[in-house]
Amino acid sequence: MEMLKRAGIGAALALLATCVPAKSIHPAEAPRARQDAEILLLEVYKDLRAGQLQDAMSKADALVQAYPNFRVGHLIRGDLLLMHTQPVAQLGAGASGPADKLKDLRDEARVRLQTLVARPGPELAPRSVLQLRADMRHVLVVDATQSRLYVYQNNNGQLKLVTDYYVSQGKLGVDKFREGDQKTPLGVYYITGRVSGPKLPDFYGASALHINYPNEWDRLNGRSGGGIFLHGTPADNYSRPPLASDGCVVLTNEDLRKLEGTVDIGKTPVVIADHQEFISKAKWDAERFTANRLVESWRADLVSADSKRLLKNYSSKFKSANGEDLKTWYEKDMRALASVNGLSVSLSEVTIFRYPSRDDMLVSTFTLESKIGKNRSSQRKRQYWAREGSDWKIVFESMI
């Protein structure tokens with residue numbers, strides 16, 4: 001028995017090496033308020049690394065007792081039971097059932113373990129989020145490749161990682177284009193509403209947070225569909241596989257309830273990318289400075305009363321929300337303001353994002369307050385900037 005036990009542990013460690021990078025973290029180092037199912041799962045594998053099969057077994061027992069509908073937990077526990085008698089060559093070696101269901105569970109187990117050790121450190125910031133308004137408490141950053149949602153807190157303009165959650169996404173991945181394509185959209189969105197209680201079918205779990213897909217950039221580029229939510233899971237299932245929804249971002253009910261405490265309707269951005277890049281604070285500060293300088297340069301050109309100077313900020317490919325080209329839009333919407341001598345303009349409540357999965361695009365939103373003599377006006381404006389060669393140009397601009 002001891003020989004079989006050693007063989008089982010050896011095989012398990014070989015399996016673990018394919019699932020989890022050599023670098024590991026202690027659960028106490030993770031930004032979590034308490035040990036949840038995922039942290040308990042990591043503890044099981046830490047014991048396996050140390051060759052402590054009995055300790056791993058005890059923790060797996062505790063895991064499935066605490067979370068009886070966590071199917072991945074049962075899968076891992078089954079492997080541990082099998083290790084007492086024979087080597088285990090793959091996740092779920094002792095499980096039975098449809099091949100596609102087993103593949104889903106294996107995929108979820110691998111993703112959870114890989115992303116736990118790939119969590120960005122406190123010295124890094126998401127490149128996609130360069131500036132938030134002061135009244136935006138948090139931003140939600142989704143990395144589709146890692147099946148992960150990161151919650152960052154806005155601390156006086158600096159971003160601090162608060163926690164992160166495993167998520168499921170569209171059955172056919174990301175980059176939604178039309179209704180029913182079973183893909184999750186990529187872009188910068190906002191939580192616009194919440195549905196819960198008896199109005200919500202059990203399929204959506206504890207709650208559903210609506211996001212504003214399609215946004216103005218989606219619509220300009222012919223993307224359609226709607227009804228995209230961050231929502232939970234049915235009562236009989238703890239979680240879903242990485243690719244499992246019709247386009248929504250799906251969390252466990254427990255995680256969704258915790259997430260709701262960080263959400264302010266209309267003020268919480270959700271940045272969904274195929275792959276999120278996390279960069280040093282020094283590089284993040286430099287990119288934020290460059291982006292702010294673009295917007296400030298546009299403001300200075302606006303008050304110059306020089307149309308040629310202002311129009312240099314715009315791309316020849318510019319399109320308005322109504323599909324107008326630059327000349328038509330400018331004559332109708334901007335010339336009257338931009339040609340006034342003595343115009344005073346200030347910008348406030350600025351947000352800037354590097355558009356997800358587009359290294360060559362920025363989106364900035366701000367409140368523009370203008371003053372001409374005693375007349376004052378205020379409007380909320382959004383600009384999409386694209387890099388053209390060495391320059392940045394506005395390709396889309398609208399009131400919101």
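Residues numbered from 1 in each chain as written. Predicted model: local features only at pLDDT ≥ 70, side-chain atom pairs only at ≥ 80, totals over all residues. Heavy atoms only, no water.

J.: Give me the pairing of strand 16 (residues 375–388): which residues, what numbers.
T.: Regular strands have side chains that alternate between both faces of the sheet. Where strand 15 (residues 361–372) meets strand 16, twelve bridges bridge the pair, whose relative direction is antiparallel. Across the sheet, residue Ser370 finds its bridge partner in strand 16, namely Ser377. Counted along the chain from strand 15 to the antiparallel partner strand 16, the turn is two residues long, and its residue Gly373 has a positive phi close to 65 degrees. Bridge count for strand 16 against strand 17 (residues 391–399) is eight bridges, and the pairing is antiparallel. Bridge pairing in strand 17 places Gln383 opposite Glu397. Two successive antiparallel strands, strand 16 and strand 17, enclose a turn made up of two residues, where Gly389 displays a positive phi of approximately 70 degrees. (Pairing = 2+ DSSP bridges. Helix = DSSP H or I, 4+ residues; strand = E, 2+ residues; numbered from the N terminus.)

J.: Explain the sheet that holds strand 17 residue by residue, including any values.
T.: Taken together, five strands build an open sheet; the order of strands is 2-14-15-16-17 and the sheet is antiparallel. The outermost strands of the open sheet, each flanked by one partner alone, are strand 2 (129–131) and strand 17. Adjacent strand axes in the sheet meet at a mean angle of 25 degrees, parallel and antiparallel pairs treated alike. As defined by bridge partners, strand 14 (residues 344–354) adjoins strand 15 across nine bridges and the pair is classed as antiparallel. In the sheet register, Ser348 faces strand 15, and the bridge partner there is Thr367. (Axes fitted to C-alpha atoms, helices over the stretch in contact; angles between N-to-C directions.)

J.: Tell me about unusual backbone geometry, residues and numbers included.
T.: A cis amide bond links Tyr213 to the next residue, Pro214, at an omega of 0 degrees. Along the chain, Pro214 turns up in the loop between strand 8 (207–211) and helix 6 (216–220). The backbone of Ser147 sits at a positive phi, close to 50 degrees, despite the residue not being glycine. In this structure Ser147 comes out as buried when scored by relative accessible area, which is 2%. In this model, Ala305 sits at a positive phi of 60 degrees, which is unusual for a non-glycine residue. Looking at where Ala305 falls in the secondary structure, it is placed in the loop between helix 8 (281–302) and helix 9 (307–311). Owing to a relative accessible area of 26%, Ala305 belongs among the partly exposed residues under this scheme. (Buried < 20%, exposed > 50% of the residue type's maximum accessible area, 1.4 Å probe, protein only.)

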